[in-house]
Amino acid sequence: MSDFVGQPLDRRAALARMGAVALAAGTVVACGGVVRADLPGLPGAREDDPDSANDPLMRVLGYAALASSAHNSQPWRVRREGSDRIVLLGDPTRRLPAVDPTDREFTLSLGAFLENLAQASEALGLDAAITPLTDGDAVATVQFAPRAPRFDAPEVLDAIRRRRVVRSGHRDTSLSADHARALVETAGRSEWFARGTREDTLLRDGTIEANRLQTARDDAQRELAEWIRFKDDDARAKRDGLTPASMEITGVAGWWVRTRYTAATVMTPSFRERGLATATDQAKAGGGWLVLTSDDGSREALLDAGRRYQRVLLTLRALGVAAHPMTQMLEEPETRTGLEGSLGVDGTLQFLLRVGYVDRYPEPVSVRRPVGWFTE
Ligand SMILES: Cc1cc2nc3c(=O)[nH]c(=O)nc-3n(C[C@H](O)[C@H](O)[C@H](O)COP(=O)(O)O)c2cc1C
């Protein structure tokens, strides 16, 4: 055995050093606040990873729950109907009325859940026939049937487990033509606007302006505060929303925020100013924007757009490329109106996704509710 600095060691010394490394790593994690791997019951957990469970539907739902959702609100509920059928419902207690009064993002998030579900099913040896429902609380039914697992099952499951939104560290390098093409092919109805184009500038400046408008809105800020889990205990108890780690506030700043901040802090001018400054820096960085559109704003179109969005995120994860949705421009009427015309895109805008190369794609940290919490 050789150790991590490449020097041969005897067995006892090697074990002692491994212990010291593990301890140091544990201390860093303990200082970093709650992260997904700390919480049992979902794929990717350090303990009690349900991948070993023998109920295939529960395994599939565990992967589905790792989908992206607005403010990590996880607006899904699942009703099991026998061993091979589920109904997906929205959870109205998880709406975001201040920034999403029409439930557009709510439905997009449910679409993202369905895409993870579809891909995990195929990887785990199940065919998932998804039927969207046009109205009522139930948004889709899913009928499962056995099939041969996908040949690339390990890669698919790995991408679902290790995907995350990456907000900082995007390099200012344009995406390669191959990557841009792959993105648009995966996304279906969409356009790619490379860094430095007129549309890139428009999206960057519009996003900064929309963030300025939104951080000034007390209702939006109050709603954001309701979904931030500053305290580790709160994150462990609720397993949803935004944690300091998921907002990429790390190190000493993360410790400070976890110990000092409360919901009231979110309403202060200094918190709003810092939020706007961060969003401004983020909007200026990266390789360009993927703009995802749909035929219209119907529920079926939104579920489909949510699925295509999650598909893009998984493709980017496999490529090691960072993605960051910045949706404020679509949430603020002043910046939303006429945007399709200014960008010259067909259809209805659903996602503005900032995409960029990063030196290292970080591990996922956002928390999730385990399957049993949202399944009846
Ligand atoms: C409809 C929708 C809108 C979103 N809007 C934003 C946004 O404006 N800014 C942002 O940083 N993340 C946005 N997100 C990403 C979520 O915050 C993120 O998926 C969630 O916190 C879970 O983190 P994870 O994807 O890293 O697991 C959005 C996600 C969805 C589905």
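Residues numbered from 1 in each chain as written. Predicted model: local features only at pLDDT ≥ 70, side-chain atom pairs only at ≥ 80, totals over all residues. Heavy atoms only, no water.

I'd love a proper account of the pattern of salt bridges, names of residues and values included.
One side chain can pair with another of opposite charge once the charged atoms of both are near each other. A full pass over the atoms with the stated rule returns 30 salt bridges. When the shortest N-O distance is used, the salt bridge between Asp-103 and Arg-95 registers 2.7 Å. One salt bridge connects Glu-105 with Arg-104, and the closest N-O pair in it is separated by 3.5 Å. Each of the two residues, Glu-105 as well as Arg-104, counts as buried. Connected via shared salt-bridge partners are Asp-91, Arg-94, Arg-229 and Asp-240. (Salt bridge = Lys/Arg side-chain N within 4 Å of Asp/Glu carboxyl O. Buried < 20%, exposed > 50% of the residue type's maximum accessible area, 1.4 Å probe, protein only.)

Tell me about the sheet that holds strand 1 (residues 76-80), and please be specific about residues and values.
Adjacent strands of a sheet form backbone hydrogen bonds with each other and so pair up, either parallel or antiparallel. Sheet architecture is open: four strands sit in the order 1-2-4-3, paired in antiparallel fashion. Each end of this open sheet is capped by a strand with a single partner; those strands are strand 1 and strand 3 (126-132). Ignoring which end each strand starts from, the neighbouring axes of this sheet average 25 degrees apart. In terms of strand pairing, strand 2 (residues 85-90) meets strand 4 (residues 138-146) through five bridges, oriented antiparallel. Within strand 4, the position partnered with Leu-89 by the bridge is Ala-138. (Pairing = 2+ DSSP bridges. Helix = DSSP H or I, 4+ residues; strand = E, 2+ residues; numbered from the N terminus. Axes fitted to C-alpha atoms, helices over the stretch in contact; angles between N-to-C directions.)

Just give me the short version of the site of the ligand, but keep the residues and values in it.
Looking at the ligand, there are 22 residues lining it, with Ser-68, Arg-167, Thr-327, Ser-366 and Arg-368 nearest. Here an oxygen atom of the ligand and a side-chain polar atom of Arg-167 are 2.6 Å apart. The contact in question runs from an oxygen atom of the ligand to an N or O atom on the side chain of Gln-328, over 3.1 Å. Protein contact buries 93% of the 630 Å² of open area that the ligand shows by itself. (Near = heavy atom within 4 Å. Polar contact = N/O pair within 3.5 Å; in protein donor to acceptor, adjacent residues only side chain to side chain. Areas by Shrake-Rupley, 256 points an atom, 1.4 Å probe, with all protein chains shown as cover.)

Describe in detail the packing of helix 3 (residues 104-123) against helix 4 (residues 153-162), supporting the description with residues and values.
Viewed as axis vectors pointing N to C, helix 3 and helix 4 meet at an angle of 150 degrees, and their least axial separation amounts to 9 Å. When the axis of helix 3 is compared with that of helix 4, the two are roughly antiparallel. Read as a crossing pair, helix 3 and helix 4 show a hand that is left-handed. Between helix 3 and helix 4, the contacting residues are Asn-116, Gln-119, Ala-120 and Ala-123 on the first element and Ala-153, Val-156, Leu-157 and Ile-160 on the second. (Parallel < 35°, antiparallel > 145°, perpendicular 65-115°, else oblique. Left-handed = near helix turned anticlockwise from the far one by under 90°. Contact = heavy atoms within 4.5 Å.)

Account for the domain arrangement of the protein chain, naming residues and giving values.
As far as domains go, the protein chain holds domain 1 (38-164) and domain 2 (177-357). A straight line from the C-alpha centre of domain 1 to that of domain 2 covers 21 Å. The interface of domain 1 with domain 2 comprises 39 residues on the first partner and 33 residues on the second. Summed over both sides, the interface of domain 1 with domain 2 buries roughly 3,300 Å², with 56% coming from carbon and sulfur. Of all residues in domain 1, His-71, Arg-104 and Leu-108 give up the largest surface area on contact with domain 2, accounting jointly for 19% of the area buried on that side. Summed over the shared surface of domain 1 and domain 2, the number is four salt bridges. Run the count over domain 1 and domain 2 and you get 18 residue pairs in polar contact (both at pLDDT 80 or more). Those elements that provide at least two residues to the side of domain 1 that touches domain 2 are helix 3, strand 3, strand 4 and helix 4. Element by element, the count of residues in the side of domain 1 that touches domain 2 is highest for helix 3, at 12 residues. Here the residues of the side of domain 1 that touches domain 2 are counted per class, giving 20 nonpolar, 11 polar and eight charged. (Domains from an automatic or database assignment. Buried area = accessible area lost by both parts, 1.4 Å probe. Nonpolar A, V, L, I, M, F, W, Y, C, P; charged D, E, K, R; others polar.)

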